[in-house]
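Architecture and fold: a report
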Amino acid sequence: MANPCAIVGIGQTQYRTKRLDVSMAGLVREAARRALDDAGLTWKDIDAVVVGKAPDLFEGVVMPEVFLADALGATGKPLMRVHTAGSVGGSTAIVAANLIQSGVHERVLTLAWEKQSESNATWALTVNGPFTTSLVVGAGGYFAPHIRAYMARAGAPDHIGTLVAVKDRQNALRNQYAHLKIPGISREMVESTPMLWEPIRYLETCPSSDGACAMVLASEKAARQSPNPPAWVHGTSMRSEPMQFAGRDSVSPQGGKDAAADVYRQAGITDPRSELDCAEVYVPFSWYEPMWLENLGFCGENEGWKLTEAGATAFDGDIPWNPSGGVLSSNPIGASGMIRFAEAALQVRGMAGEHQVDGARRALGHAYGGGAQFFAMWIVGSDKP
Amino acid sequence: MPSEAAEPNHLVAFPGGYTRSVGPVTGRFLSELRDGRMVGVRTAGGRVLVPPAECDPETGEDVTGEFVEVGPAGTVTTWSWVPRPAKEHPFDRPFAWALIRPDGADTALLHALDLGVFEPGAKPPKVLKTGMRVRPKYRAERTGTIGDIECFLPEVTMINPQAALEYRLKGGRALGRFLEGISEGRILGHRCPVCEKVIVPMKGFCTRDGVPTTEEVELPDTGTVTTFAVNNIPDPRAPEVPFVSGYVLLDGAGLTMLTLVAGIPADQVRMGMRVRAAWRPREEWDRSMANIKWFEPIDEPDVPFEEIKDYM
Amino acid sequence: MRPVAVVAFVQTEHSAEDQGIAETEMVLPVINEIKERTGLSRFGFTCSGSCDYLQGAPFAFVSALDTLGAWPPISESHVEMDGAWALYEAWVKLQIGEIDTALVYGFGKSSQGDLRAIMSQQLDPYHLAPLGVDQVSMAAMQARAYMEKAGVKEDDLRAVAARSREAGRGNPFALHLPDPAESAAEQDYDVAPLHGYDVAPVTDGAAAIVLAAGDKARELCERPAWITGIDHRTEPHSLGVRDLTRSEAARIAGEKAGATGIEVAELHAQFSHEELILREALGLGDGVTINPSGGALSANPVMAAGLIRIGEAASRIHDGTASRTLGHAASGPCLQQNLVCVLSGENNG
């Protein structure tokens with residue numbers, strides 16, 4: 001059976017549209033250094049490094065962890081690079097956790113990053129080959145039809161997406177690292193912004209950010225020496241399914257449901273809404289909150305929008321979603337999933353600062369990617385399982 | 001501004017140039033400059049003056065004899081922008097003058113600051129600001145004058161490498177066969193031997209069942225829009241906005257196909273709308289999906305949501 | 001550690017030219033064959049290795065997933081590394097003890113781009129890539145440094161190439177390349193001191209391995225190739241801070257993986273001299289058979305070639321011709337990253 005795995009260090013960079021003040025090495029070190037400081041460790045204490053990021057076309061460097069090996073303190077150590085599209089930040093954390101759970105290593109540094117300003121997200125995500133014509137411009141172009149399908153299927157009123165856009169940006173005001181901070185954010189403000197990919201409005205989309213997030217994971221023995229309280233991994237899960245096939249439900253993919261069922265089983269959770277204290281869920285377009293509420297079993301089918309509307313997912317609701325401000329407020333793509341995982345851990349460590357959910361003891365971190373076909377999740381808790 | 005007057009008719013210039021002795025302090029500065037270094041001189045109060053002067057400008061006392069290397073990087077303490085340079089200026093295109101305090105110095109040096117190529121009359125660029133970090137650009141051939149520094153340049157904050165990788169892609173056998181059909185005005189799919197659904201365009205296998213597929217099925221060019229997006233973001237690679245990208249379930253197909261939906265104002269496209277492929281004129285056909293311009297509405301009643309909801 | 005073994009290995013007949021098939025069409029037969037071979041259609045975990053830049057588009061692995069029959073959804077991951085590291089990730093997963101089988105694969109079509117130009121973009125983007133320097137030129141610098149230190153001559157490198165190609169001509173999956181002496185076009189330097197035959201050929205191909213734990217392995221394979229040790233290590237990127245005449249990363253990985261008593265080693269040497277450096281780093285004496293498959297010098301489908309080394313090393317156990325073998329994979333310029341997998345016919349676990 002799996003050995004216990006603790007999260008003993010977490011570090012994030014300031015998220016910004018362009019981090020022109022740092023190189024790629026500087027960016028990853030900013031996060032890694034903070035994670036090491038939190039863990040009370042130095043580079044030499046680390047046994048292995050696991051790096052994740054989304055497509056290399058963002059920075060135009062093939063497998064950039066190879067040139068960043070020194071900057072990551074990986075000399076003489078194992079160094080791995082994970083890439084599972086948008087879910088990669090979560091998958092990377094799981095690969096790192098597996099290294100502890102299997103007993104292979106004692107202390108692993110895991111880090112996910114993206115420096116999107118080195119090119120352009122729309123370009124890097126939609127490089128067209130000679131056999132395709134571009135009908136999808138950026139991720140929003142891909143997800144908009146599925147959001148429309150959700151709205152029709154669930155009978156959700158138009159303003160639900162707006163509510164999420166406002167709520168997550170209000171949360172971001174409490175997060176020192178968040179990229180988008182919009183004081184006075186309101187429904188009127190969101191509704192006055194243009195439809196980019198109808199039904200998605202400008203302020204219902206995530207920003208494009210530069211940033212990195214790092215964690216130090218440790219065995220039970222190594223965790224005893226940590227200066228700050230650890231978070232413990234209660235379950236991890238990954239699922240993948242093809243992007244398109246006859247009978248696929250693109251609105252509420254089976255992969256998400258299966259991954260959630262698996263991670264709840266490991267953590268002994270039967271009713272996520274009441275047994276979890278908060279969740280950091282990958283919501284890059286506001287409508288994905290009600291969609292994932294259903295997919296993750298926080299409510300029944302077609303009921304997700306009602307939870308959002310009732311304020312259940314607000315900072316003071318019964319199940320706060322994305323108290324950090326979420327992907328809607330900071331989105332260095334390759335890192336976004338790890339930020340979810342790390343923010344969940346910060347909550348159960350009681351170290352989330354101004355966006356700390358009172359008394360949070362169990363939290364979900366979630367990431368998805370590709371055509372909503374790759375899922376990575378973990379549940380972390382204050383208590384050792 | 002240069003005057004519009006007639007050609008000059010009087011020139012004052014000492015033949016051969018003045019012969020100026022520089023003394024030990026300025027001499028040291030210019031000698032070091034010729035070597036490619038900047039030095040300042042320390043005052044009795046401990047300040048470092050650049051360029052070095054014989055005395056402390058605050059107290060009037062002699063400076064110490066201690067020269068210290070400063071820079072090469074420095075900080076702009078103030079600046080001006082010359083949108084239309086005069087002929088005496090070091091550049092014939094817009095540039096800045098700046099007071100630059102080299103690292104390790106307590107005073108600033110005046111010099112030109114080159115920020116790149118601008119059209120005459122250009123406004124100051126945004127990067128030009130007090131506090132910006134700059135470095136000297138030395139001339140290859142130096143003679144011991146302040147002009148040994150050709151100008152200052154901003155510190156390097158970004159590089160802009162141009163990498164272009166060339167590929168020779170082939171689409172693969174299944175796509176090749178599909179496009180062959182399209183070149184003949186036919187839409188081809190494969191029937192999966194396991195789930196028995198028709199996959200269009202075919203890939204040569206079923207993504208659900210992971211088995212090879214070979215049974216070809218020709219589908220009609222009519223179908224139903226299941227869901228769609230109205231795209232308002234212009235992109236050079238995409239159609240003019242607003243354009244509608246929609247999933248069309250061809251009649252007889254097991255899954256939808258992403259296409260352009262047009263021939264109707266964007267705000268009138270509906271889920272369940274019946275559509276047909278709009279083919280380009282036959283003489284323009286080649287092995288490309290571009291043979292179908294888009295799918296456009298046909299005069300049939302919309303398909304009820306219940307019948308298409310499982311294809312989303 | 002929990003006993004885990006390579007129970008099946010399948011590879012494509014590798015090709016030096018684009019065969020006009022998509023990556024998915026290259027991967028699908030390999031996946032189907034290994035499913036057939038093992039009788040398994042579902043695996044506890046699946047992991048792949050590939051590189052977006054080989055096809056010049058993001059998400060190369062997404063379409064490859066389409067070939068797996070990932071329905072119902074599967075537990076799956078991907079490394080932007082050679083498939084050998086995908087195997088490592090799967091091995092770690094099996095160690096936890098919650099699953100018993102894993103499918104691992106790697107694939108790449110190097111023929112459709114300019115591999116040297118692509119791999120130049122793997123280099124430090126501030127100091128190296130803008131110079132336009134490529135990995136063959138850097139490998140040649142390493143060859144020079146090693147030859148000067150070890151007193152090795154160009155003929156010694158050619159002997160490595162000749163032996164590899166001869167072995168490759170006996171391997172139905174490898175490219176069948178002429179003996180260096182009979183290859184007129186290769187008598188000139190590629191980048192001195194390396195000749196064309198000292199450099200791994202551009203190759204398209206894919207490979208898959210199934211790992212299984214304990215009794216499941218015994219059930220699936222008559223003579224499982226048990227992984228008795230596996231480890232991987234990294235060196236700094238910049239050549240100027242390394243001792244190019246040796247491979248410290250391979251040495252550590254070999255030591256951690258317990259690379260002793262090896263009878264057959266499959267080394268992912270993409271240049272002749274790398275084989276010599278790796279032999280020293282891994283302590284492989286004259287009695288050890290090196291690259292009976294022909295190695296990467298006979299077929300180097302990037303992103304699968306390292307995994308193939310492990311598969312070939314396992315095959316020597318499967319067919320009973322060896323009892324202790326080693327598979328090695330490398331990545332990055334001048335052997336920057338090295339993975340060593342030691343396999344045995346004996347289950348010591």
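In this text the structure is predicted, and so the values were computed from the model without any measurement.

So, how was this worked out
- In this numbering scheme, every chain counts its residues from 1 along its sequence in written order.
- Each chain is given a letter, starting from A, and each ligand a number, starting from 1, according to the order in which they appear as written.
- Local features in this predicted model are restricted to residues whose pLDDT is 70 or higher, and side-chain atom pairs enter the listing and the counts only when it is 80 or higher, whereas totals over whole chains, interfaces and linings include all residues.
- For the purposes of this description, domain bounds are those given by an automatic or database domain assignment.
- In this description, any two residues whose backbone-derived C-beta atoms lie within 7 Å of each other are considered to be in contact.
- Per the convention used, a helix needs a DSSP run of H or I reaching at least four residues, while a strand needs a run of E reaching at least two, with both numbered from the N terminus.
- Classification used: nonpolar for Ala, Val, Leu, Ile, Met, Phe, Trp, Tyr, Cys and Pro, charged for Asp, Glu, Lys and Arg, polar for all others including Gly.
- Strand pairing is assigned whenever DSSP detects at least two bridges linking the two strands.
- UniProt positions are given in the numbering used here, feature names are shortened, and annotations may be inferred rather than shown by experiment.
- Helix span is expected to be 1.5 Å times the residue number reduced by one.
- Here the C-beta atoms are placed from the backbone, and a residue counts as buried if at least 20 other C-beta atoms lie within 10 Å of its own, exposed if 12 or fewer do, and partly exposed otherwise.
- Throughout this description, the term nonpolar core refers to a group of buried Ala, Val, Leu, Ile, Met, Phe, Trp, Tyr and Cys residues whose C-beta atoms join them within 7 Å.

Some words on the domain arrangement of chain C
Residue and element names in this part refer to chain C. Split by domain assignment, chain C resolves into domain 1 (4-114 + 202-220) and domain 2 (122-200 + 225-344). A C-alpha centroid distance of 22 Å is found between domain 1 and domain 2. With 31 residues of domain 1 in contact, the opposing surface of domain 2 contributes 27 residues. Every element with two or more residues in the side of domain 1 that touches domain 2 is listed here: strand S1 (4-11), helix H4 (83-96), strand S4 (101-109) and strand S7 (204-213). The greatest single-element share of the side of domain 1 that touches domain 2, amounting to six residues, is contributed by H4. Tallied by class, the residues present in the side of domain 1 that touches domain 2 amount to 18 nonpolar, ten polar and three charged.

With respect to the interface of chain A and chain B
Of the residues lining the interface, 31 residues belong to chain A; the matching set on chain B comes to 36 residues. Among the secondary structure elements, those contributing two or more residues to the side of chain A that touches chain B are helix H4 (138-154) and strand S5 (195-198) of chain A. Looking at the side of chain A that touches chain B residue by residue, the class counts come to 18 nonpolar, ten polar and three charged. Relative to strand S12 (residues 222-231) of chain B, S5(A) runs antiparallel, the two sharing two bridges. Within S12(B), the residue paired with Trp197(A) across the bridge is Asn231(B).

Here we look at the UniProt feature "domain: Thiolase C-terminal" (unreviewed entry) in chain A
In the numbering adopted here, UniProt assigns the feature "domain: Thiolase C-terminal" (unreviewed entry) to residues 245-379 of chain A. End C-alpha to end C-alpha, residues 245-379 of chain A measures 30 Å, and it is 37% helix and 13% strand.

Considering H4(C)
Helix length check: H4(C) (14 residues) gives 21 Å between terminal C-alpha atoms against 20 Å at 1.5 Å per residue, within 8%. Among the 14 residues that make up H4(C), 14 are buried, leaving the element largely enclosed by the rest of the structure.

So, the interface of chain C and chain A
With 46 residues of chain C at the interface, the matching set in chain A holds 48 residues. Contributing elements (two or more residues each) for the side of chain C that touches chain A: helix H2 (52-55), helix H3 (60-65), strand S3 (76-79), H4, helix H5 (115-120) and strand S8 (225-234) of chain C. Ranked by residue count, the leading element in the side of chain C that touches chain A is H4(C), at six residues. Grouping the amino acids of the side of chain C that touches chain A by side-chain chemistry returns 23 nonpolar, 14 polar and nine charged.

Structural notes on the nonpolar core
Core analysis: the largest hydrophobic core is formed by 306 residues, its most contacted members being Val104(C) and Leu211(C). In terms of residues, this core owes the most to one element, helix H12 (residues 333-349) of chain A, which gives ten residues. Ignoring any residue separated from it by four or fewer positions in sequence, one finds Leu211(C) in contact with Val4(C), Ala5(C), Val6(C), Val7(C), Leu87(C), Ala90(C), Trp91(C), Leu94(C), Thr101(C), Ala102(C) and Val104(C). Formed by 25 residues, the second largest nonpolar core is a distinct cluster that contains Phe95(B), Ala96(B), Leu113(B) and Cys151(B).

Focus on the sheet that holds strand S10 (residues 198-199) of chain B
All names here are of chain B. On the basis of which strands lie adjacent, the open sheet formed by three strands has the order S10-S9-S11 and antiparallel pairing. The open sheet is flanked by S10 and strand S11 (215-219), the only strands paired with a single partner. Alignment of strand S9 (residues 187-191) against S10, held across two bridges, turns out to be antiparallel. The partner of His190 across the bridge, within S10, is Ile199.

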